[in-house]
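Fold and geometry: a report
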Amino acid sequence: MPKKLPPFVTVERSRHGKVVFYFRKDKGMRTRLPDFNAPTFDEKYLTALAATEPQKHAKAGAGSLAWLITRYKDSGAYAALSTATRRQRDNILKGVATKAGHHPFKSISRKSIINGREARATTPAQARNYLDAMRGMFRWAVDAELISADPTETVKNPKRQDGDGFIAWSEDDVTAFEKRWQAGTKERVWLHVLLYTGLRRGDAVRLGKQHIRDGVATIKTEKSKFKMEVSIPILPVLAETLATGPTGDLALIVGGNRKPLTKESFGNYFRVACNEAGLKRRSAHGVRKIGATRAAEAGATDKELDALFGWEGGMMSKLYTQKAERKQLAKQASEKIENAQRPHLVSAGPHPAKKLG
């Protein structure tokens, strides 16, 4: 037996009295080695030693996925995205580059994209955002003639979870919020700007006095990349709330220091205000939904809703007008049933009292 064993090798004697050699580094797994004098000892020892070394990723140079991500983020196509979309995709692409940036981008297949989607399957919104980011990059790569085929082209979006997305506020929710946040609080201003303009939070936080002329607010929407302009009459209830304040000059929605808020920080603050009003799982977008419901139930047409809420194509507006129409038809049907039963009830009359004696 040798006087000095290689690093991490120990020698033991089995219960049968046989001398055996083991490799174990720190608290890792113990690996049985051949006899020290065996011709295969060195090979087995080096294999065991190599297995304990951390694996190094291949260098992410030209032709790698990380290289493609960098080129894409420097492109005009990426610059054309909205600030919020770029911020979201920056985080997604950073994660992709960290995990798989060393792989050649031409080796990314449809199966690779599906695997990425499935890794995020527990949160369908994250899976969809991941696919949107990868589609944007690989479509640009096709246009730039860096690849000949888009691996995302036939990959399907994850199924949406049951429900209608953001929870729509009810009239009771509005009442509860207003009861907690009285006139003169910034939270009351937040709600009324959302409720009576129908703006998305990204547009609501930008809306200021400079956008209001002759009682009408006019602003270009963020989602349309500031191409679509919407005009919203300032209703008396909103005008009263704005007059009471607090508001800023360049932004009606402000924080505690009367300074404008980003849409992300506003979303967080608004959720806290909802929680304090006892409204769990309520969001700014849900207020937009009740605004659309109110307008539809008041008789607004598809085109009127499109104009007010900045929609196109009539698909979103139809969701609200059709629901309002069904509600009205159900009410009319109930009234007809009640009216049809009324003559029968009248003709039947009360039962005559039974004479006693």
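A brief look at the structure comes next. Everything numeric here is computed off the predicted structure, so don't read it as measured data.

Let's shift gears to the overall build of the protein. Summing up its helical and strand segments, the protein has 14 helices and six strands in all. Relative to a compact globule of 357 residues, whose C-alpha radius of gyration would be 21 Å, the protein shows 33 Å and is clearly more extended. Over its C-alpha atoms, taken along the principal directions, the protein stretches across nearly 120 × 80 × 45 Å. Burial status across the protein gives 37% buried among its 357 residues. If you take every contact in the protein between residues at least 6 apart in sequence, the share linking residues at least 24 apart comes to 56%. A total accessible area of about 23100 Å² is found for the protein, and carbon and sulfur atoms account for 53% of it.

Let us now look at the packing of aromatic side chains. Inspection of every chain in the model, using the stated rule, returns 14 aromatic pairs. Aromatic side chains Phe 21 and Phe 36 sit 6.3 Å apart centroid to centroid with 40° between the ring planes, which places their arrangement in the tilted category. Of this pair, Phe 21 sits in strand E2 (residues 19-23) while Phe 36 sits in the loop between strand E3 (31-33) and helix H1 (41-51), placing them 15 residues apart in sequence. Judged by relative accessible area, which is 26%, Phe 36 ranks as partly exposed. Ring centres of Phe 21 and Phe 41 lie 6.3 Å apart, and the angle between their planes is 80°; on these two criteria the pair is classed as edge-to-face. Within this pair, whereas Phe 21 is found in strand E2, its partner Phe 41 is found in helix H1, the two being separated by 20 residues in sequence. The buried category is assigned to Phe 21, whose relative accessible area is 3%. Taking relative accessible area as the criterion, Phe 41 reaches 1% and is therefore assigned buried. Members of the aromatic cluster, connected to one another through ring pairs, are Phe 8, Phe 21, Phe 23, Phe 36, Phe 41 and Tyr 45.

With that settled, consider the sheet that holds strand E5 (residues 216-220). Spatially, the three strands line up as an open sheet ordered E4-E5-E6, and their pairing is antiparallel. Looking at strand neighbours, the two that pair on one side only are strand E4 (212-213) and strand E6 (229-233), the edges of this open sheet. Of the pairings in the sheet, the one linking E4 to E5 comprises two bridges and is antiparallel in character. Within E5, the position partnered with Ile 212 by the bridge is Ala 217.

Turning our attention to helix H12 (residues 284-297). Here H12 contains 14 residues, and its C-alpha end-to-end distance of 21 Å stays within 8% of the 20 Å for a straight helix at 1.5 Å per residue. Buried residues dominate H12, accounting for ten of its 14 residues. Among all positions in H12, only Ala 284, Gly 286, Val 287, Arg 288, Lys 289, Ile 290, Gly 291, Ala 292, Ala 295 and Ala 296 are buried. Among the residues trailing H12, Gly 299 stands out with phi positive, at a value near 105°.

Turning next to the sheet that holds E3. Read across the open sheet, the three strands follow the order E1-E2-E3; overall the sheet is antiparallel. Only two strands of the sheet have a single partner each, and these edge strands are strand E1 (9-13) and E3. Neighbour to neighbour, the strand axes of the sheet diverge by 40° on average, direction disregarded. Here E2 runs beside E3; their pairing, made up of three bridges, is antiparallel. Bridged to Phe 21 within E3 is Leu 33.

This part covers the pattern of salt bridges. Following the criterion strictly, the structure yields 13 salt bridges and no others. A salt bridge links Arg 180 to Glu 276; the nearest nitrogen and oxygen atoms lie 3.2 Å apart. Of this pair, Arg 180 sits in helix H7 (residues 171-180) while Glu 276 is found in helix H11 (residues 263-276), placing the two residues 96 residues apart along the sequence. The partly exposed category is assigned to Arg 180, whose relative accessible area is 37%.

Within the element layout of this structure, Thr 247 appears in the loop between helix H10 (236-244) and H11. When its relative accessible area of 13% is taken as the criterion, Thr 247 is described as buried. Among all residues touching Thr 247, those that are not within four sequence positions of it are Val 189, Lys 209, Leu 242, Leu 252, Val 254 and Arg 258.

Scoring rules and cut-offs
Residues numbered from 1 in each chain as written. Predicted model: local features only at pLDDT ≥ 70, side-chain atom pairs only at ≥ 80, totals over all residues. Heavy atoms only, no water. Helix = DSSP H or I, 4+ residues; strand = E, 2+ residues; numbered from the N terminus. Rg over C-alpha atoms; globule rule 2.2 N^0.38 Å. Buried < 20%, exposed > 50% of the residue type's maximum accessible area, 1.4 Å probe, protein only. Contact = heavy atoms within 4.5 Å. Areas by Shrake-Rupley, 256 points an atom, 1.4 Å probe, with all protein chains shown as cover. Phe/Tyr/Trp six-rings, centres within 6.5 Å; stacked < 30°, edge-to-face > 60°. Pairing = 2+ DSSP bridges. Expected span 1.5 Å × (residues − 1). Axes fitted to C-alpha atoms, helices over the stretch in contact; angles between N-to-C directions. Salt bridge = Lys/Arg side-chain N within 4 Å of Asp/Glu carboxyl O.

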